[in-house]
Amino acid sequence: MLRRFLRTINGLSLGFITDSLMDFTTADIRTFKKLYEKHFNLDLNDETATLKLAMLVRQLEIIYQPLTKNQLKKLRDVDENNEQYQELLSA
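Residues numbered from 1 in each chain as written. Predicted model: local features only at pLDDT ≥ 70, side-chain atom pairs only at ≥ 80, totals over all residues. Heavy atoms only, no water.

1. Side note on the pattern of salt bridges
1) Next: Applying the stated criterion across every chain yields a total of three salt bridges.
2) Next: For the salt bridge of K33 with D46, the shortest nitrogen-to-oxygen distance reads 2.7 Å. On the criterion of sequence distance, the pair formed by K33 in helix α3 (residues 26–40) and D46 in helix α4 (residues 46–63) is long-range, its members being 13 residues apart.
3) Next: Among the ionic pairs, E61 bridges to R58, the shortest N-O distance being 3.4 Å. (Salt bridge = Lys/Arg side-chain N within 4 Å of Asp/Glu carboxyl O. Helix = DSSP H or I, 4+ residues; strand = E, 2+ residues; numbered from the N terminus.)

And the structure:
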């Protein structure tokens, strides 16, 4: 029942959350709760903290994509040819 509920919150597919909930240690959850309370001034229960932590981790997995050395070189080459980049370096 809980899995189905989590998967259908606001019509979103959240199955990944239930798959990764068990990956967090109690220390992970405790640390996240402390950081969350410090930043937002809100105290979370363990269940909510675990859910929010899982969503944050998943968001980072989606967003973060490391660059290869070749991709980084291409970006640097583009930057070196950019006049604004050269002006920033000389300032």
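2. As for the nonpolar core
1) Next: By size, the foremost hydrophobic cluster in this structure holds eight residues: F24, I29, F32, Y36, L44, A49, L53 and A54.
2) Next: The set of elements that each furnish at least two residues to this core consists of α3 and α4.
3) Next: For F32, the contacting residues outside a window of four places in its chain are L44, A49, K52, L53 and L56. (Core = buried A, V, L, I, M, F, W, Y, C linked by side-chain atoms within 4.5 Å. Buried < 20%, exposed > 50% of the residue type's maximum accessible area, 1.4 Å probe, protein only. Contact = heavy atoms within 4.5 Å.)

3. Some points on α4
1) Next: Over its 18 residues, α4 extends 26 Å from the first C-alpha to the last, a length consistent with the 26 Å expected when each residue adds 1.5 Å.
2) Next: Those residues of α4 that fall on the buried side of the exposure criterion are A49, T50, L53 and A54. In an axial view of α4, the angular spread of the buried residues amounts to 135°, which keeps them on one side of the axis. For α4, exposure combined with an orientation more than 90 degrees from the buried face picks out E47 and I63.
3) Next: Sitting at the head of α4, N45 places a side-chain oxygen 3.2 Å from the backbone nitrogen of E47. (Expected span 1.5 Å × (residues − 1). Arc of directions from axis to C-beta. Polar contact = N/O pair within 3.5 Å; in protein donor to acceptor, adjacent residues only side chain to side chain.)

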